[in-house]
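Analysis of the macromolecular model
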Amino acid sequence: MLPEFDNTQIAFQYRNNQELKRARFLFSSMGSPVLTKIGIQATRIATSLHLPIKGIIKKTIFQQFCGGETMEEAAATANMLNKYHVGVILDYGVEGKETESDFDKAVPEFIKAIQYAAGQKNIPFISLKVTGFSRFALLEKIHSGLQLSEEEHAEWGRVYKRINDICAAAAKSNIMVLVDAEETWIQGPVNTLADAMMGQFNKNRAIVFNTYQFYSHKTFPYLKESIQQAEKNGYILGAKLVRGAYMEKERARAAKMGYADPIQPDKASTDKDYDAGLMHCLERLDKLALFIGTHNEKSCLEAVKYMQGNKIPAGTEKVWFSQLYGMSDNISFNLAHEGYNVAKYLPYGPVKDVIPYLMRRAEENTSVAGQTGRELSLISKELKRRKL
């Protein structure tokens with residue numbers, strides 16, 4: 001039986017009327033590019049001037065898209081989702097730091113999350129961004145192939161050790177690690193780190209997953225290479241497939257600096273490559289584990305149809321579906337209702353530290369055609385159903 005993504009009763013069973021009305025207000029606001037742009041600029045200015053806006057942010061966009069300010073608050077959200085057989089990916093959403101002290105402080109926070117997750121059946125993953133452990137400029141220099149100074153070599157060694165310590169703790173606790181994708185001009189060293197971690201910790205099962213962003217036309221060929229490399233070097237590839245989150249920034253930088261645009265010519269090309277990559281992985285589950293990160297209903301249905309047609313159990317540990325917390329609940333909860341493995345991305349952290357993540361969510365919902373409209377129509381449908 002195929003999941004019914006229009007079933008709003010299942011999709012929003014964890015939300016009360018007040019929460020749904022707040023979500024309706026937020027998505028209505030994000031449906032306006034002008035309002036979104038003004039809101040983002042005002043938030044950035046207020047933050048830089050240290051104005052007291054934390055309360056407003058926490059009660060609106062933070063509450064919609066984040067699990068809490070602390071791991072304990074995120075754990076409470078995870079426990080609530082567990083009632084509906086929806087797991088979570090703990091994501092300590094602090095990014096954009098630039099000091100060695102900040103990078104070092106983040107490591108024990110991640111290990112603490114891993115140790116907590118180890119005692120919970122519904123927290124199978126944690127997520128990390130390499131930019132949470134390394135200077136952006138260092139990653140940029142490595143990606144460009146420029147010669148590193150002796151000091152920079154030592155700095156890169158510290159980055160490697162931070163990621164290695166986290167992955168080692170995850171492997172010991174049997175918790176999976178999702179290495180998030182970054183901008184294309186720093187992705188090279190991120191891939192290098194992910195490959196090294198997979199080579200070390202993915203001998204018997206996928207513990208570490210690298211992320212493949214299909215908005216780049218180079219991604220599908222790279223995914224094929226990654227599968228071959230994993231087989232050659234004797235480890236199981238962890239492949240997290242997403243469409244991508246930095247498209248406007250990528251295009252603007254390519255135009256400004258005069259290099260070839262790395263982004264697909266249109267959304268149809270991205271969709272075509274994504275679905276082809278999805279099928280390519282599903283046909284090779286003996287060599288890899290697959291994490292399907294998408295808000296696209298068609299892609300999820302195609303994956304389900306393939307699994308059913310090839311008698312792949314809904315609950316196989318080789319396939320996971322995922323959407324962001326606060327979005328596409330119609331996909332997440334209806335898949336989980338049919339027995340598929342689902343994990344929601346659940347960012348947590350101090351409000352001021354997760355603002356970059358929240359601004360991306362606002363921009364994404366404004367720029368992705370049909371996303372806010374779909375969310376609004378489903379929320380309105382459920383509110384109407386409850387009223388009747």
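Presented here is an overview of the structure given in this document. Predicted model, so just to flag it, every value in this text is computed and none were measured.

**Observations regarding the packing of helix H7 (residues 136-144) against helix H9 (residues 187-201)**
Helix-helix packing: each pair is described by the crossing angle between the helix axes and the interaxial distance. Here H7 crosses H9 at 90 degrees, and the two axes come no closer than 7 Å. As far as their axial angle goes, H9 and H7 are roughly perpendicular. Contacts from Leu 139, Ile 142 and His 143 in H7 reach Gln 187, Gly 188 and Pro 189 in H9. Class assignment of the residues belonging to the contact of H7 with H9 gives a composition of three nonpolar, three polar and no charged.

**Observations regarding the pairing of strand S6 (residues 288-293)**
With respect to burial, S6 is a largely interior element, six of its six residues being buried. Judged by which residues are buried, S6 turns out to be covered on both faces: Leu 288, Leu 290 and Ile 292 on one side and Ala 289, Phe 291 and Gly 293 on the other are all buried. As defined by bridge partners, strand S5 (residues 237-242) adjoins S6 across five bridges and the pair is classed as parallel. Paired with Lys 240 across the bridge in S6 is Phe 291. Relative to strand S7 (residues 319-324), S6 runs parallel, the two sharing four bridges. Note on S7: the bridge partner recorded for Phe 291 is Trp 320. Taking the sense of rotation as the criterion, the β-α-β connection linking S6, helix H13 (residues 297-309) and S7 turns out right-handed.

**Observations regarding the nonpolar core**
In this structure, Leu 128, Leu 223, Leu 237, Leu 241, Leu 282, Leu 290 and Phe 321 are the most contacted members of the largest nonpolar core, which totals 81 residues. The leading source of residues in this core is helix H8 (residues 150-173), at seven residues. Counting residues in each nonpolar core, the second largest holds 34 residues, with Ala 206, Ile 236, Met 327 and Val 351 among its members.

**Looking at H13**
For H13, with 13 residues, the first-to-last C-alpha span of 18 Å sits near the 18 Å given by 1.5 Å per residue. If you check which residues of H13 are buried, you get Ser 299, Cys 300, Ala 303, Val 304, Tyr 306 and Met 307. Seen from one end, H13 has its buried residues packed into an arc of 160 degrees, which puts them on one side. Within H13, the exposed residues directed more than 90 degrees away from the buried face are Lys 298 and Gly 309. Structurally, the start of H13 carries an N-cap: the backbone nitrogen of Lys 298 is 3.0 Å from a side-chain oxygen of Asn 296. In the segment just after H13, Lys 311 is the residue with positive phi, at about 55 degrees.

**A closer look at the environment of Asn 122**
With respect to the helices and strands, the residue Asn 122 is situated in the loop between helix H6 (100-118) and strand S2 (125-128). Given the relative accessible area of 6%, Asn 122 is considered buried. Between the alpha carbons of Asn 122 and Leu 81 there is a distance of 8.5 Å; along the sequence they are 41 residues apart. A distance of 2.8 Å separates a polar side-chain atom of Asn 122 from the backbone oxygen of Ala 78.

**Thoughts on helix H2 (residues 17-30)**
When the terminal C-alpha atoms of H2 are compared, their 20 Å separation across 14 residues agrees well with the 20 Å that a helix rising 1.5 Å per residue should span. Considered for burial, the residues of H2 that qualify are Leu 20, Arg 22, Ala 23, Leu 26, Phe 27 and Met 30. Looking down the long axis of H2, one finds its buried residues gathered within 160 degrees of arc, a one-sided arrangement. Opposite the buried face of H2, by more than 90 degrees, sit the exposed residues Gln 18 and Phe 25. Between the side-chain oxygen at the start of H2 and the backbone nitrogen of Gln 18 there is a gap of 3.1 Å, and the oxygen is on Asn 16.

Thresholds, definitions, all that
Residues numbered from 1 in each chain as written. Predicted model: local features only at pLDDT ≥ 70, side-chain atom pairs only at ≥ 80, totals over all residues. Heavy atoms only, no water. Axes fitted to C-alpha atoms, helices over the stretch in contact; angles between N-to-C directions. Helix = DSSP H or I, 4+ residues; strand = E, 2+ residues; numbered from the N terminus. Parallel < 35°, antiparallel > 145°, perpendicular 65-115°, else oblique. Contact = heavy atoms within 4.5 Å. Nonpolar A, V, L, I, M, F, W, Y, C, P; charged D, E, K, R; others polar. Buried < 20%, exposed > 50% of the residue type's maximum accessible area, 1.4 Å probe, protein only. Pairing = 2+ DSSP bridges. Right-handed = clockwise from strand over helix to strand, strands pointing away. Core = buried A, V, L, I, M, F, W, Y, C linked by side-chain atoms within 4.5 Å. Expected span 1.5 Å × (residues − 1). Arc of directions from axis to C-beta. Polar contact = N/O pair within 3.5 Å; in protein donor to acceptor, adjacent residues only side chain to side chain.

Interpretation note: all reported values are geometric properties and have no functional meaning in isolation.
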